[in-house]
Amino acid sequence: MAADPALAAFLALSDDAVAAYADARAAALGLALPAACRPGVVENLTLLRRQAATFADASDTSAAPEAFEP
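Residues numbered from 1 in each chain as written. Predicted model: local features only at pLDDT ≥ 70, side-chain atom pairs only at ≥ 80, totals over all residues. Heavy atoms only, no water.

As for the overall build of the chain
Alright, step 1. The number of helices and strands found in the chain is three helices and zero strands.
Alright, step 2. Start at the N end of the chain and walk to the C end: the helices and strands fall as α-α-α.
Alright, step 3. Across the 70 residues of the chain, 19% fall into the buried class.
Alright, step 4. Of the contacts formed within the chain by residues at least 6 apart in sequence, a portion of 64% connects residues at least 24 apart.
Alright, step 5. For the chain, the exposed area adds up to about 5,300 Å²; of that, 61% sits on carbon and sulfur atoms. (Helix = DSSP H or I, 4+ residues; strand = E, 2+ residues; numbered from the N terminus. Buried < 20%, exposed > 50% of the residue type's maximum accessible area, 1.4 Å probe, protein only. Contact = heavy atoms within 4.5 Å. Areas by Shrake-Rupley, 256 points an atom, 1.4 Å probe, with all protein chains shown as cover.)

Here it is as structure tokens:
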């Protein structure tokens, strides 16, 4: 379940490729990642990618969505 090509590409990254992705994405957006912040950004993106991949793998797109009932 990937909503668009950019998300599919992000989910397909390996953990080792996340740092290069972060650098390329920041450059594309005209942002600078400060050296002191870069390791934390890469770690957070790695965790986000893993969580999103887990969610996407677990979602069943063939079933109708269930309504939330508190």
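A look at the pattern of salt bridges
Alright, step 1. Per the counting criterion, the structure on display carries three salt bridges.
Alright, step 2. Its salt-bridge partner being Arg49, residue Asp15 comes within 2.4 Å of it at the nearest N-O pair. Taken together, the residues span a long stretch of sequence, with Asp15 in the loop between helix H1 (5-11) and helix H2 (18-28) and Arg49 in helix H3 (residues 38-58) at a distance of 34 residues.
Alright, step 3. A salt bridge links Asp23 to Arg38; the nearest nitrogen and oxygen atoms lie 2.7 Å apart. Placement of Asp23 in helix H2 and of Arg38 in helix H3 is noted, with a sequence separation of 15 residues between them.
Alright, step 4. One connected set of salt bridges, linked through shared partners, spans Asp15, Arg49 and Arg50. (Salt bridge = Lys/Arg side-chain N within 4 Å of Asp/Glu carboxyl O.)

Examining the side chain of Arg49
Alright, step 1. On the basis of relative accessible area, Arg49 is assigned to the buried category, the value being 9%.
Alright, step 2. Filtering out sequence-adjacent residues up to four positions away, Arg49 remains in contact with Phe10, Leu11, Leu13, Ser14, Asp15 and Val18.

Quick word on the packing of aromatic side chains
Alright, step 1. Going through the model one piece at a time under the given rule, you end up with one aromatic pair.
Alright, step 2. Pairing Phe10 with Tyr21 gives two aromatic rings, centres 5.3 Å apart and planes at 45°, and the pair type is tilted. With Phe10 in helix H1 and Tyr21 in helix H2, this pair connects stretches of sequence that are eleven residues apart.
Alright, step 3. Residue class for Phe10 comes out buried when judged on its relative accessible area of 8%. (Phe/Tyr/Trp six-rings, centres within 6.5 Å; stacked < 30°, edge-to-face > 60°.)

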